[in-house]
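Here's the letter readout for the chains.
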Amino acid sequence: MNRWKRIIAYIHTHRQLFLLLAIGGLYSLSIALSNTFVNVYVWKKVNSFHALGVYNLAIVTWQPLAFIVAGKIAKKIDRVIVLRMGVTFLALFFLVVLFSGNRAMDHLFFLGGLLGVGYGFYWLAFNVLTFEITEPNTRDLFNGLLGAMTSVAGMIGPPIAGWVIASSEKFTGYMAIFLSSLCLFIAAVVCSFFVHRRQSAGRFMLQRAYAERKKNKNWRMITNAHFFQGFREGTFVFIVSIFLFMATGTEKALGVFGFVNAVVSFITYSLASKYIKQRWRLHAILFGGVLLYASVFLLVFDLSYFKLIVYGALIAVGYPILLVPYLSLTFDVIGQSNHAKEWRIEYIVLRELFLNGGRATSILLFLLAITLFDAKEAIPLLMLIVGSGHFIIYFFVRRIRLSM
């Protein structure tokens with residue numbers, strides 16, 4: 001009984017932290033239901049790597065622009081308002097897809113832009129709130145719990161979505177899943193009304209925060225690391241799901257992949273948040289980066305569904321081991337940077353600019369490769385190049401020196 005009292009007291013004390021986790025959980029479930037299948041939906045409609053690349057390029061080019069605008073709004077108004085605006089744009093994306101039907105495929109850059117703006121507003125607000133609500137001693141716990149919730153969402157979302165879509169005629173299953181995602185985003189907006197409003201004062205000093213890269217080695221290293229994080233994510237975020245669909249011809253296979261990935265990820269996130277201590281952060285980031293790069297080789301030689309499932313399990317081990325300490329390290333670097341209290345929004349915006357710069361570079365290389373060369377030959381080689389991104393992260397973060 002005393003144990004449960006302590007748990008209840010802890011939750012009450014950290015009520016805002018758990019509210020933020022609830023919003024993150026609803027967002028994760030919505031994304032788990034629909035995100036993988038959106039790319040397959042586009043692929044089935046247009047059957048073009050080029051169109052798929054343009055759609056994803058729109059997401060990662062609009063997203064940093066949205067971060068800048070959201071940062072300015074957060075400085076003048078409130079980051080909880082920005083969070084709601086982000087979720088609203090994401091909901092608007094699904095409304096457009098639901099009501100425009102085939103006509104939506106004629107406006108892929110606009111559709112990608114809606115998602116990019118939604119992601120930009122949502123993640124700016126969520127990351128700023130994470131920085132403000134968590135402390136150095138609760139960040140690993142928060143990131144671990146959020147990762148575990150994301151994994152649980154991955155266990156539930158893809159299998160259900162894959163079964164619904166594969167069992168339905170034509171594209172009615174897609175419409176049902178997109179409608180479900182819309183409802184979950186609305187629930188996230190409702191939860192946001194219970195988060196304390198947090199206003200910020202002062203001007204939006206993005207250029208001053210960028211200039212800190214010259215003075216602050218830690219800040220320069222962590223932003224460089226985020227570019228290479230995005231360098232892998234830009235292409236891999238959509239190409240793996242297309243490989244899965246091409247190898248099997250059914251959305252159920254994506255559901256199985258998502259389930260396996262989520263189960264292993266849940267176990268790894270639970271262990272990572274519990275056992276990865278501050279003194280082991282660099283070792284964990286190196287191990288996670290090596291594992292993630294090694295997994296790429298499963299995709300470039302004699303691709304099969306079995307190899308794709310093994311790939312899903314390997315990255316489900318690698319990502320938590322890398323991301324739990326890496327995200328905590330990022331916020332610690334920001335917390336120890338000059339004018340962190342006044343410029344915390346600017347620092348987070350810049351982090352996302354570097355991250356999306358890496359993603360955009362990756363997708364532009366993808367578009368260039370499939371334009372100049374045969375796609376079947378060019379894509380595996382490109383994956384070996386951009387897939388090194390998470391491994392390269394270590395060579396920047398190992399040069400970071402934090403004051404204890």
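The rules behind these values
- Residues numbered from 1 in each chain as written.
- Predicted model: local features only at pLDDT ≥ 70, side-chain atom pairs only at ≥ 80, totals over all residues.
- Heavy atoms only, no water.
- Domains from an automatic or database assignment.
- Contact = heavy atoms within 4.5 Å.
- Salt bridge = Lys/Arg side-chain N within 4 Å of Asp/Glu carboxyl O.
- Helix = DSSP H or I, 4+ residues; strand = E, 2+ residues; numbered from the N terminus.
- Patch = residues over 30% accessible without salt bridge, like charges linked within 9 Å, V, L, I, M, F, W, Y side chains within 5 Å.
- Areas by Shrake-Rupley, 256 points an atom, 1.4 Å probe, with all protein chains shown as cover.
- Buried < 20%, exposed > 50% of the residue type's maximum accessible area, 1.4 Å probe, protein only.
- Expected span 1.5 Å × (residues − 1).
- Polar contact = N/O pair within 3.5 Å; in protein donor to acceptor, adjacent residues only side chain to side chain.
- pLDDT = per-residue confidence, 0-100.

- By the naming in an unreviewed UniProt entry, the chain is Putative membrane protein, taken from Anoxybacillus flavithermus.

Things to note about the domain arrangement of the chain
Logical step 1: For the chain, the domain assignment lists domain 1 (14-195) and domain 2 (217-403).
Logical step 2: The straight-line distance from the C-alpha centre of domain 1 to that of domain 2 is 18 Å.
Logical step 3: Counting residues at the interface gives 47 residues for domain 1 and 52 residues for domain 2.
Logical step 4: Summed over the shared surface of domain 1 and domain 2, the result is two salt bridges.
Logical step 5: Among the ionic pairs, E346 bridges to K75, the shortest N-O distance being 3.4 Å.
Logical step 6: The set of elements that each furnish at least two residues to the side of domain 1 that touches domain 2 consists of α2 (15-46), α3 (49-76), α5 (108-133) and α6 (136-167).

Let's talk about a nonpolar patch on the surface
Logical step 1: A surface patch of nonpolar side chains, amounting to about 590 Å² of accessible area, comprises V152, I156, I160, F266, I267, L271 and Y275.
Logical step 2: The biggest single contributor to the nonpolar patch is helix α10 (residues 251-275), with four residues.
Logical step 3: As for its placement among the helices and strands, I160 is situated in helix α6.
Logical step 4: Relative accessible area serves as the criterion here: at 43%, I160 is assigned to the partly exposed category.

A few points about α3
Logical step 1: The end-to-end C-alpha distance of α3 is 41 Å, a good match for the 40 Å that 28 residues give at a rise of 1.5 Å each.
Logical step 2: Where α3 begins, the side chain of S48 points an oxygen toward the backbone nitrogen of H50, at a separation of 3.3 Å.

Regarding the pattern of salt bridges
Logical step 1: Summed over the entire model, instances satisfying the criterion amount to six salt bridges.
Logical step 2: In this structure, the salt-bridge partner of R359 is E233, at a minimum N-O distance of 2.8 Å. Of this pair, R359 sits in helix α13 (residues 340-372) while E233 sits in helix α9 (residues 217-248), and the two are 126 residues apart along the sequence.
Logical step 3: Given a relative accessible area of 16%, R359 falls into the buried group.
Logical step 4: Here R281 makes a salt bridge to D332, at a shortest N to O gap of 2.9 Å. Of this pair, R281 sits in helix α11 (residues 281-300) while D332 sits in helix α12 (residues 305-335), and the two are 51 residues apart along the sequence. Taken individually, R281 and D332 each receive the classification buried, so the pair is uniform in this respect.

Some thoughts on the confidence of the model for the chain
Logical step 1: Mean pLDDT for the chain: 86, with 95% of residues reaching 70 or above.
Logical step 2: Ranking the helices and strands of the chain by mean pLDDT puts helix α15 (residues 389-397) first, with 96, and helix α1 (residues 2-13) last, with 50.

Quick notes on the environment of I31
Logical step 1: By secondary structure assignment, the location of I31 is in helix α2.
Logical step 2: With 311 residues separating them in the primary sequence, I31 and E342 have C-alpha atoms 32 Å apart.
Logical step 3: Once you skip the residues sitting within four places of it in the chain, I31 turns out to touch T36, Y119 and F185.

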